[in-house]
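Chain by chain, the residues:
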Amino acid sequence: MTDRSGVSLLLARYGTALALVVLLAFNFAVTPNFATWQTLNVNLTQVSTIVIVAVGMTLVIATGGIDLSVGSLMAISGALAPMIFLGNLVGIGGIPVAVAVAMFVAVAATTLLGAFNGWLIARYRIQPIVATLVLYIAGRGIAQVMTNGNLQVFKLPEFQWIGLSRPFGIPAQVIVMLFIVTLAAWMLARTNFGRQLLAIGGNERAARLSGIATGRIKIAVYAISGALAGLAGLVVIAINSASDANLVGMGMELDAIAAVAVGGTLLSGGRATIIGTLLGALVIQLVRYTLLANGVPDAAALVCKAAIIIGAVWLQERGRTA
């Protein structure tokens, strides 16, 4: 191994963590009021929904797939839950019961829709980008039809705890995010399911010949992605105290894919890192915050995000060929 190839491998493995350290050091030195709990809370709350969705996207990409429908599934979840706990769909006695039913039904619905994506891919061998494009287009339309395009406004602490409460001084959605990241990382590294989905992404034909039920694994993975998208949709509307089917989850699929790519998961499948996805999302969020806090327009942040993604993919390819 040459020195150059060794450096490429190190950058491919630890480049995201290094970028995060450099960004933190820069902000501590330059950005005013960066070293405060308020700044930490702002960045963590803004990144939490992206990470929740990106965890499901990581599992999907690990199988060699892609899920373009997550933003639309967030919109469906965000539209359905208020309809239930506000009594617009069906009357349920008692606010706590109505909220519990609303959250369960909303996430169950997006789980089933995610499983539908996986079924199309596994049963009919449709390319994932095409199969999930169906709900990418139709899903937001379904959410808009459900609400007649109307904004649903509410003030309901029994529901909004998931986005506004601060247990032990920590935002609730951050606790949810860390729990999901920990569970997914353990599942990917320690369970047969995790090993099997990586095997499918590495070589699906070999995985099938070795006895792995590739179709069932794919359906399960897309169902998980749908469930996490639904949960993220609930977090978003809880924070906003309103649900707008036109805007909830808009562009989330691109943010999630970006976090996965920057985090070091191979976009071709077969290798994935949940912790890397968390770090990738933090890097993208911190770049945006750094630019905005130092007076750089938001448009420049988008350009920087694109450059980071290109750099991450380039490092992946260098690491594979080194």
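Note that the structure is a prediction, hence the values are computed from the model and not measured.

Considerations on the confidence of the model for the chain
Detailed conclusions should not be drawn from predicted coordinates in areas where pLDDT is low. Summary statistics for the chain give a mean pLDDT of 92 and a share of 95% for residues scoring 70 or more. Of all secondary-structure elements in the chain, the lowest mean pLDDT belongs to helix H13 (residues 298-321), at 78, while helix H10 (residues 214-240) reaches the highest, 98.

A short note on the nonpolar core
Formed by 74 residues in total, the largest nonpolar core has its most connected members in Phe85, Phe159 and Leu197. If we skip the residues at most four places from it in the chain, phenylalanine 159 touches Phe85, Val99, Met103, Phe154, Leu234, Ile237 and Ala238. Core analysis: the second largest hydrophobic core is formed by 9 residues, Leu23, Val287, Tyr289 and Ala301 among them.

Considerations on a nonpolar patch on the surface
There is a patch of nonpolar side chains on the surface, built from Val97, Val101, Phe104 and Val105 and spanning about 330 Å² of accessible area. Position of valine 105 relative to the elements: it lies in helix H4 (residues 95-124).

Here's the deal with unusual backbone geometry
Unusually for a residue other than glycine, arginine 125 sits at a positive phi of about 60°. Its location among the elements puts arginine 125 in the loop between H4 and helix H5 (128-147). Judged by its relative accessible area of 56%, arginine 125 is exposed. Despite not being glycine, phenylalanine 168 has its phi angle at roughly 55°, a positive value. Within the secondary structure, phenylalanine 168 is located in the loop between helix H6 (157-164) and helix H7 (172-190).

A look at the environment of leucine 188
Among the structural elements, leucine 188 can be located in helix H7. On the basis of relative accessible area, leucine 188 is assigned to the buried category, the value being 8%. For the pair formed by leucine 188 and alanine 62, sequence separation is 126 residues and the distance between their alpha carbons is 9.9 Å. Contact partners of leucine 188, with chain neighbours within four places excluded, come to Leu59, Gly194, Arg195, Leu197, Leu198, Ala272 and Ile274.

A look at the layout of surface pockets
One way to see where empty space is left: roll a probe the size of a water molecule over the atoms. Empty space within the largest pocket amounts to approximately 540 Å³. Every residue lining the largest pocket is counted, 21 residues in all, and those nearest its centre are Gln46, Thr49, Ile50, Met252 and Asp255. Contributions of two or more residues to the lining of the largest pocket are made by helix H2 (37-62), H10, helix H11 (252-263), helix H12 (274-293) and H13. Looking at the lining of the largest pocket residue by residue, the classes come out as 11 nonpolar, 6 polar and 4 charged.

Remarks on the packing of H11 against H12
Viewed as axis vectors pointing N to C, H11 and H12 meet at an angle of 115°, and their least axial separation amounts to 7 Å. Comparing the axis directions of H11 and H12 gives the class roughly perpendicular. Handedness of the H11/H12 crossing: right-handed. Here H11 contributes Ala258, Ala259, Val260, Val262 and Gly263 to the contact with H12, which in turn contributes Gly276, Thr277, Gly280, Ala281 and Ile284. Of the residues assigned to the contact of H11 with H12, the class counts are 6 nonpolar, 4 polar and no charged.

What counts as what
Residues numbered from 1 in each chain as written. Predicted model: local features only at pLDDT ≥ 70, side-chain atom pairs only at ≥ 80, totals over all residues. Heavy atoms only, no water. pLDDT = per-residue confidence, 0-100. Helix = DSSP H or I, 4+ residues; strand = E, 2+ residues; numbered from the N terminus. Core = buried A, V, L, I, M, F, W, Y, C linked by side-chain atoms within 4.5 Å. Buried < 20%, exposed > 50% of the residue type's maximum accessible area, 1.4 Å probe, protein only. Contact = heavy atoms within 4.5 Å. Patch = residues over 30% accessible without salt bridge, like charges linked within 9 Å, V, L, I, M, F, W, Y side chains within 5 Å. Areas by Shrake-Rupley, 256 points an atom, 1.4 Å probe, with all protein chains shown as cover. Salt bridge = Lys/Arg side-chain N within 4 Å of Asp/Glu carboxyl O. 1 Å grid on protein atoms, 1.4 Å probe; cavity = no way out; pocket = protein on both sides within 12 Å on 5 of 7 lines; lining within 4 Å. Points joined across faces, edges and corners; volume = space filled by probe spheres on them. Nonpolar A, V, L, I, M, F, W, Y, C, P; charged D, E, K, R; others polar. Axes fitted to C-alpha atoms, helices over the stretch in contact; angles between N-to-C directions. Parallel < 35°, antiparallel > 145°, perpendicular 65-115°, else oblique. Left-handed = near helix turned anticlockwise from the far one by under 90°.

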